[in-house]
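Chain by chain, the residues run as shown.
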Amino acid sequence: MQDTSVVDTQIHKISSLAGYQQSLNHLLVDSVNNGASIGFIAPLTRAQADHYWYSIECDLLNDSRELFVITEGSEVIGAVQLALCQKANGAHRGEVEKLMVHSQYQGQGFAKQLMHILEKSALQQQLKLLVLDTRLGDIASLLYEKLGYIEAGEIPQFALSSSGELQSTVLFYKLLK
């Protein structure tokens, strides 16, 4: 078992996946295969992860998305994304996507750190609203509520789970000041 006592972590906003691809693949596969409801069905393969991150690289290059990672040494142990609305009437808002912390590092405050840096960046860009969704009953809901996100409602049968069940999602928002 890996030692999870983290001594040297850093949070970075990255604009290219160069040097991070393998570590991001590992994080995504770990997250999905350990039950995270982030748009994929387990088991997730490396090829599927590669394909996903390729699409994210394109978004990073055209400035429609920001990616924040927390690293220990050269290994990515957590990540979150801010998707910037590309509609003329939505330039004031962003969507929080794919908050992930590697299963061996959960419960150490890294998700909270990632959310704080994402919100700081959103404020610097003068965004006024952040939105996100998460699976009904997911532990992430507790984090979002602690960070001041407000539950806007529930959509039943929103996403297919790895077990084949249709699950509800909960929408949250936060007005930034």
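Note that the structure is predicted; figures quoted are calculated from it, not measured.

J.: Can you walk me through the environment of Thr71 in this structure?
T.: Relative to the helices and strands, Thr71 is located in strand S2 (residues 65-72). Among the residues examined, Thr71 registers a relative accessible area of 4% and is labelled buried. Residues Thr71 and Tyr20, 51 residues apart in the sequence, show an inter-C-alpha distance of 9.9 Å.

J.: What am I meant to see in helix H2 (residues 46-61) here?
T.: Side chains three or four residues apart in an α-helix point the same way, a direct result of the helix having 3.6 residues per turn. Taking 1.5 Å per residue as the helical rise, H2 with its 16 residues ought to reach 22 Å, and the 22 Å between its terminal C-alpha atoms agrees with that figure. Along H2, the positions that sit buried rather than exposed are Ala49, Tyr52, Trp53, Ile56, Glu57 and Leu60. An end-on view of H2 places all buried positions within 150° of arc, on one side of the element. Residues of H2 that are exposed and point more than 90 degrees away from the buried face comprise Ala47, His51, Tyr54 and Leu61. Of the surrounding elements, those touching the buried residues of H2 are strand S1 (9-14), helix H1 (21-33), S2, strand S3 (75-84) and strand S4 (93-101). Of the residues flanking the end of H2, it is Asp63, one or two places downstream, whose phi is positive at about 60°.

J.: So what exactly am I meant to see when it comes to unusual backbone geometry here?
T.: Leaving glycine aside, a negative phi is the common case for residues, and trans is the common case for peptide bonds. For the peptide bond that leads from Ala42 to Pro43, omega is 0°, which places it in the cis range. For Pro43, the location among the structural elements is in the loop between H1 and H2. Phi at Lys98 takes a positive value of approximately 50°, unusual for a residue other than glycine. You can see Lys98 is positioned in strand S4. Located in the positive-phi region is Gln126, a residue other than glycine, with phi close to 65°. Of note, Gln126 is situated in the loop between helix H3 (110-124) and strand S5 (129-135).

J.: Can you walk me through the environment of Ala152 in this structure?
T.: Checked against the element boundaries, Ala152 lands in strand S6 (residues 150-160). Here Ala152 falls in the exposed class, since its relative accessible area comes to 54%. In contact with Ala152, not counting residues within four places along its chain, are Leu171, Phe172 and Tyr173.

The rules we used
- Residues numbered from 1 in each chain as written.
- Predicted model: local features only at pLDDT ≥ 70, side-chain atom pairs only at ≥ 80, totals over all residues.
- Heavy atoms only, no water.
- Helix = DSSP H or I, 4+ residues; strand = E, 2+ residues; numbered from the N terminus.
- Buried < 20%, exposed > 50% of the residue type's maximum accessible area, 1.4 Å probe, protein only.
- Expected span 1.5 Å × (residues − 1).
- Arc of directions from axis to C-beta.
- Contact = heavy atoms within 4.5 Å.

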